[in-house]
Amino acid sequence: MQPTSPARPDETTPATGPVAACSVATWGAVHGTVADLEPLRQPNAVAGKPVSATFLRHADELTVTAVAALNQTVERGELRTADFRAWGVLACLPRPGRALVGHSLSRYEAEGAWGISPHIVPHRCLHSLSGALSLALKCEGPNFGVGEPEALVPMACAWLGLGLVEGVWVVLTQAEPQPATDLSRSTPRGDTGVHAVVLALVPETVETPLRLRIRPAAEKSAGPWGVAQVEEWLAGGAGGDWVLPGGLAVERRPLRVAPTANAGRLQEVRG
Amino acid sequence: MNAPDPVLITGVGVASAYGHSLDALADGVLAGRSVVRKVTAFDVAQHPSQIGAPMGPVPCPDGEDEAAFRALYRLEQTFRWCAYAALRDAGLWRVGGLRLGVCFGVGAEWMQGWEEDYLAGGRHVCLPDQDPPGVVASVAEWAGADGPRATVSGACASGNHALGMARLWLDMGWADAVLTGAADAGVSPLSLAAFGNLRALSRRNAEPELASRPFDKGRDGFVMGEGGALFVLERASSAARRGAPRHAEMAGYGASSDAFHMVIPSPTANQAADAVRLALRRAGVAPEDVDYINAHATSTPVGDTMEARALHVALGEVAATVPISSTKSMTGHLLTGAAAIEAAICLVALREQAVPPTINLTDPDPECRLGHVANVAQRRRVRTTLSNSFGFGGSNTSLVLRAA
């Protein structure tokens, strides 16, 4: 059944058209340092929904940051009473767990297997953030981690465009600057920057101030965008489209004047 | 997902403890042969669980420099081998002129890479600027794939999520073909210790081949395995024009979240049942038309019971009679790679018209009242398969494959 020589692929496939779009119900961002996070580890509620006091006890620093950004976004979007059961979650937790993994490897050498925390797997993998947010928000749509931030919005648009979910929480996180770590500590240094941007995306038929549209892109991607660049772009401060590897770009299409003050320091959302 | 132009699997690449081909995998699972054994690659004396199903070295793809290949992390070697094998099978190895997407299920690549480097004397874990590119970017560049690319992780459900997303890219017209699937190379000191301390692993250390016993009353945890599979997905019309292999139709994918707990499945099993129902509905398949279920069942007391409950909720009375097996009884649990290797095993069932068994099923748990294929493979008509995969973070997925 296998072709004897590699045939050329189907060359009659039509060029990609404007195939997906979504509306931004609300969005928000926070910035801070690891030193800011400790008071945020015991929230009573996330997005207006009660959570266990231990919900973030073992979570990594970027998950705590993302929850702070989520709370701020829900508050600003007046979504505290919303029901997210039919929503999905897509979240990027880049290179998770560096400090804890390094510390654990060192402990393993010194103490053997019994020194290793059982929490490292559920809380320091690519899926850890999306799983935690899905749990907190009571989202019963799909949740998974995505390694490339630029892939998040097209994936969400595909879900929405095909009617698979009613909404999607999209979350980008980043540790920047991320200093070199040593093996003696299980958490990053206090001055490590932590950043998160959260978007609540809904079908394009829902009228909101801002829409995102996926279009075919002939131009090359200029490289991955960090949280700050995405935030600036969402706020209308950065020109151009978010060009992704693989021939796609995300266009920002404001319908009305978009809010410009969606970013805050972590301190603003405490309590 | 009921598009008029179906999506087919036209290429398969496998890495497994049986060997690194679909044929080797087929021979192993249809013979009911366990690959679980005592772990010898490192000292396990202090580990609560001392057994696993690690892979041997994966082959170096033709034309590649062997030394350079062996310098890659084991996980990347595994992906590269599977990518090469799948694309070659599909007749698309380094064929230009198409938008080839890459979507892999990978959950812990950084943890595994840092550990491997550390054990070899390196300290990349301390030095962010020395991190290599991720495996998706690396394999996409190596294979010349210039379509969309993404790494997805829903823990042990990652492979099904990757296949589901690849299917969406085709549905949206964003790619002409997609290389997708998942793999894991996680039988390492840190993972064995972490899962062991989580009390998730079997401690039947004296009887490795008997340790993984899904649905059996004597089960006491899962056994870690290694390997995975990659697939080429493309439209049937494109495959027909190229004369490409037709391994199966990717007929349906369903996904949901428990929103209950990070590691414990929801006791109601309602959301897992939703994933099964969604996959069947998108495939246009009625419960009585399913010929084989490859269960997620990992051999943990809670998880296997939950899956049985989910199947009864989703399928009704049919759940007690549809032939079902958990091939993790033989392969161990491949974690991020599990869904993909089990999709490959479903291809084996479709190709061979045979259902692999759940081995070590000598005393079925009455709370798992299902149509078990116990201990010995069965020859039977297989046209439609359903494969469940669930994961930490509450991820539930189901995949329906159909003979093409």
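The structure reproduced in this document is the subject of the present report.

A few words now on empty space enclosed by the protein. Applying the stated criterion across every chain, the model contains five cavities of 30 Å³ or more. In this structure, the largest cavity encloses a volume near 180 Å³. As for the largest cavity, its lining consists of 16 residues, of which Val121(A), Cys125(A), Ala108(B), Phe195(B) and Leu335(B) are closest to the centre. Of all the elements in the fold, those that place two or more residues in the lining of the largest cavity are helix H4 (109-119) and helix H7 (189-197) of chain B. Residues lining the lining of the largest cavity come from more than one domain, with at least three contributed by each of domain 1 (7-242) and domain 2 (250-402) of chain B.

A word on the side chain of Arg235(B). Residue and element names in this part refer to chain B. Tracing the backbone shows Arg 235 in strand S8 (residues 227-235). On the accessibility criterion, Arg 235 (16% relative accessible area) is buried. Within polar-contact distance, the side chain of Arg 235 engages the backbone oxygen of Asp 5 at 2.4 Å.

In terms of nonpolar packing, the biggest core is built from 96 residues, with Met155(A) and Phe231(B) touching the most fellow members. If one sorts the elements of this core by residue count, helix H13 (residues 338-352) of chain B sits on top with eleven residues. When residues of this core are sorted by domain, at least three fall in each of domain 1 (7-242) and domain 2 (250-402) of chain B. Core analysis: the second largest hydrophobic core is formed by 40 residues, Leu37(A), Leu62(A), Val64(A) and Leu93(A) among them.

Interhelical geometry of helix H5 (residues 152-161) of chain A versus helix H6 (residues 158-172) of chain B gives an angle of 75 degrees and a closest axis separation of 10 Å. The orientation of H5(A) relative to H6(B) falls into the category roughly perpendicular. Across the interface between the two elements, Met155(A), Ala158(A) and Trp159(A) of H5(A) pack against Met165(B), Leu168(B), Trp169(B) and Met172(B) of H6(B). Among the residues making up the contact of H5(A) with H6(B), the classes are represented as seven nonpolar, no polar and no charged.

Let us now look at the layout of surface pockets. Residue and element names in this part refer to chain B. Of the voids in this model, the second largest pocket is the one considered here, and its volume is about 570 Å³. In this structure, the second largest pocket is lined by 31 residues; those nearest its centre are Val 263, Ile 264, Pro 265, Thr 300 and Phe 392. Taken together, the elements giving at least two residues each to the lining of the second largest pocket come down to helix H11 (301-315), strand S15 (384-391) and strand S16 (395-402). The element that contributes the greatest number of residues to the lining of the second largest pocket is H11, accounting for six residues. Its residues assigned to classes, the lining of the second largest pocket comprises 16 nonpolar, ten polar and five charged. Both of domain 1 (7-242) and domain 2 (250-402) provide at least three residues apiece to the lining of the second largest pocket.

Facing the 81 residues of chain B at the interface are 71 residues of chain A. Carbon and sulfur atoms supply 66% of the area buried between chain B and chain A, which totals about 6,200 Å² over both sides. For the interface between chain B and chain A, the tally reads two salt bridges. A salt bridge links Asp131(B) to Arg95(A), with the nearest nitrogen and oxygen atoms 3.2 Å apart. Our enumeration of links across chain B and chain A arrives at 22 residue pairs in polar contact (both at pLDDT 80 or more). With two bridges connecting them, strand S5 (residues 143-146) of chain A and strand S5 (residues 149-153) of chain B associate as antiparallel partners. Looking at the pairing, Val146(A) lines up with Val152(B) of S5(B).

Residue and element names in this part refer to chain A. The tally for this structure, following the rule as stated, stands at 32 salt bridges over all chains. Asp 83 is the partner of Arg 85 in a salt bridge, and the nearest nitrogen-oxygen pair spans 2.8 Å. Judged by its relative accessible area of 49%, Arg 85 falls in the partly exposed class. Taking the shortest distance from any N to any O, the salt bridge between Glu 251 and Arg 213 comes out at 2.8 Å. In this pair, Glu 251 sits in strand S10 (residues 248-254) while Arg 213 sits in strand S8 (residues 210-216), placing the two residues 38 residues apart along the sequence. Salt bridges linked by common partners bring Arg 213, Arg 215, Glu 219, Asp 241, Glu 251 and Arg 253 together as one network.

For the rest of this paragraph, the subject is the side chain of Thr397(B). Residues and elements named next belong to chain B. Topologically, Thr 397 is positioned in strand S16. We classify Thr 397 as buried; its relative accessible area is 0%. Here Ser 389 takes part through its backbone oxygen, which lies 2.7 Å from a polar atom of the side chain of Thr 397. Ignoring anything within four residues of it in the chain, the contact list for Thr 397 reads Ala 157, Asn 160, His 161, Tyr 253, Gly 254, Ala 255, Ala 275, Ser 387, Asn 388, Ser 389 and Phe 390.

What follows covers a nonpolar patch on the surface. All names here are of chain B. A surface patch of nonpolar side chains, about 260 Å² in accessible area, is lined by Phe 260, Ile 264 and Val 302. Among the secondary structure elements, Ile 264 is positioned in the loop between strand S9 (248-257) and helix H10 (270-283). According to the relative accessible area criterion, Ile 264 is partly exposed, its value standing at 40%.

Rules used in this analysis
In this numbering scheme, every chain counts its residues from 1 along its sequence in written order. Chain letters and ligand numbers both follow the written order, the letters beginning at A and the numbers at 1. Totals for whole chains, interfaces and linings use every residue, but because this is a predicted model, local features are given only for residues with pLDDT of at least 70 and side-chain atom pairs only at 80 or more, for both listing and counting. Calculation of side-chain values draws on the structure's entire complement of heavy atoms; hydrogens and water are dropped beforehand. Lining residues are those with an atom within 4 Å of a point, where the points come from a 1 Å grid over the protein atoms alone and group into cavities, where a 1.4 Å probe fits but cannot get out, or pockets, open sets with protein on both sides within 12 Å along at least five of seven lines. Grid points are joined across faces, edges and corners, and a volume is the space filled by probe spheres set on the points. Secondary structure follows DSSP: runs of H or I at least 4 residues long count as helices, runs of E at least 2 residues long count as strands, and numbering of each begins at the N terminus. Where each domain begins and ends follows an automated or database-derived domain assignment. Classification of residues uses two cut-offs on accessible area relative to the type maximum, computed with a 1.4 Å probe and protein chains only: under 20% is buried, over 50% is exposed, and between them is partly exposed. N or O atoms within 3.5 Å of each other form a polar contact, as long as, within protein, one can give a hydrogen and the other can take it, and as long as residues adjacent in sequence are counted only when both atoms are side-chain atoms. Throughout, nonpolar core names a set of buried Ala, Val, Leu, Ile, Met, Phe, Trp, Tyr and Cys residues whose side chains join them through atoms within 4.5 Å. Where helices are involved, their axes are fitted lines through C-alpha atoms of the stretch in contact, as for all axes, and angles between N-to-C directions lie from 0 to 180°. Each angle is binned into one of four classes, with values under 35 degrees roughly parallel, values over 145 roughly antiparallel, values of 65 to 115 roughly perpendicular, and all other values oblique. By definition, residues are in contact when any of their heavy atoms lie within 4.5 Å. Each residue is assigned to one class: nonpolar for Ala, Val, Leu, Ile, Met, Phe, Trp, Tyr, Cys and Pro, charged for Asp, Glu, Lys and Arg, and polar for all the others, Gly among them. Here the quantity called buried area is the accessible surface, traced with a 1.4 Å probe, that two parts lose on coming together, added over both. The rule for a salt bridge is simple: a side-chain nitrogen of Lys or Arg has to be within 4 Å of a carboxyl oxygen of Asp or Glu. The criterion for strand pairing is that DSSP finds at least two bridges linking the strands in question. Nonpolar side chains (Val, Leu, Ile, Met, Phe, Trp, Tyr) are joined into patches within 5 Å and like charges within 9 Å, using only residues with over 30% relative accessible area and no salt bridge. Residue-level accessible areas treat just the shown protein chains as cover; the underlying method is Shrake-Rupley with a 1.4 Å probe.

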